[in-house]
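Structure assessment
Letter by letter, the chains look like this.
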Amino acid sequence: MPQAGRKTGHLFLVVGPSGAGKDSLIEGARQALAGLPQFVFPRRVITRQSDPASEDHFTLSEAEFDVQLAAGAFFLHWGAHELRYALPGSIADALAGGSTVIANVSRRVIDDARRRHPATTVVFVTAPQEILTQRLLARGREDAAAVKRRLARSAALPAGANVVTIVNDGPLERAVERFLAVLKAPAET
């Protein structure tokens, strides 16, 4: 529970299709907000080995993930692309303490997050289909057919209130500026 007289924190869930630049926006915001402890960027837990070229995360085996899940160690958890993901339970304390928490999640957990913490904004990051396709093909992880299937699954805007769309189709700096304005808006109200 939040302390008396203390404002409850705000949760920003970053979602959108692969290739939209979600991690790039989050990293840009993390750098811009460095030194401001009220902005929290939790490391996700993933059942995938860390790779210097990808997201910095905590790695757990499937068995370790199951143990942590059973122990209630996660704020949110989901499966996607044959992997399991989670956000640490410490997020609840950060939110109760008034922090702004920013995390990349699956749309599947939006309703659960809203139930757990009503002060939640969904940031839908997207780009035109041709840009998404080019970005995903450039990664070299999937062929054109797999990229098309991946993008078909994630094209729709999330339902519900408090959804903000950022179209990341130009310079990354411009999209990061828009993202920072969204993150700072609840603190100004």
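Preceding block: the structure.
Notes on the structure follow. All of these numbers come straight from a predicted model, not from anything done at the bench.

**Section: the pattern of salt bridges**
With the rule as written, the count across this model stands at five salt bridges. We note a salt bridge from Arg84 to Glu62, for which the minimum N-O separation is 2.8 Å. Separated by 22 residues along the polypeptide, Arg84 in strand β6 (residues 83-88) and Glu62 in helix α2 (residues 62-70) bring together distant segments of the chain. In this structure, the salt-bridge partner of Asp111 is Arg114, at a minimum N-O distance of 3.9 Å. Of this pair, Asp111 and Arg114 both sit in helix α4 (residues 110-116), separated by three residues, roughly a single helical turn. Taking relative accessible area as the criterion, Asp111 reaches 47% and is therefore assigned partly exposed. Taken together, the shared-partner salt bridges connect Glu62, Asp66 and Arg84 into one network.

**Some words on the environment of Pro186**
Here Pro186 lies in helix α7 (residues 172-188). Sequence separation of Pro186 and Gly9 is 177 residues, and the distance between their C-alpha atoms is 9.1 Å.

**A short note on the sheet that holds strand β4 (residues 58-59)**
Reading across from one edge, β4-β3-β6-β5 is the order of the four strands in this open sheet, with mixed pairing throughout. Where the open sheet ends on each side, the last strands, each with one partner, are β4 and β5 (74-80). Relative to β6, strand β3 (residues 45-46) is paired through two bridges, and the arrangement is antiparallel. From the neighbouring strand, Ile46 faces β6, where its bridge partner is Tyr85. Against the sheet, α2 touches β3, β4, β5 and β6, its axis set at about 40 degrees to β6.

What counts, and at which threshold
Residues numbered from 1 in each chain as written. Predicted model: local features only at pLDDT ≥ 70, side-chain atom pairs only at ≥ 80, totals over all residues. Heavy atoms only, no water. Salt bridge = Lys/Arg side-chain N within 4 Å of Asp/Glu carboxyl O. Helix = DSSP H or I, 4+ residues; strand = E, 2+ residues; numbered from the N terminus. Buried < 20%, exposed > 50% of the residue type's maximum accessible area, 1.4 Å probe, protein only. Pairing = 2+ DSSP bridges. Contact = heavy atoms within 4.5 Å. Axes fitted to C-alpha atoms, helices over the stretch in contact; angles between N-to-C directions.

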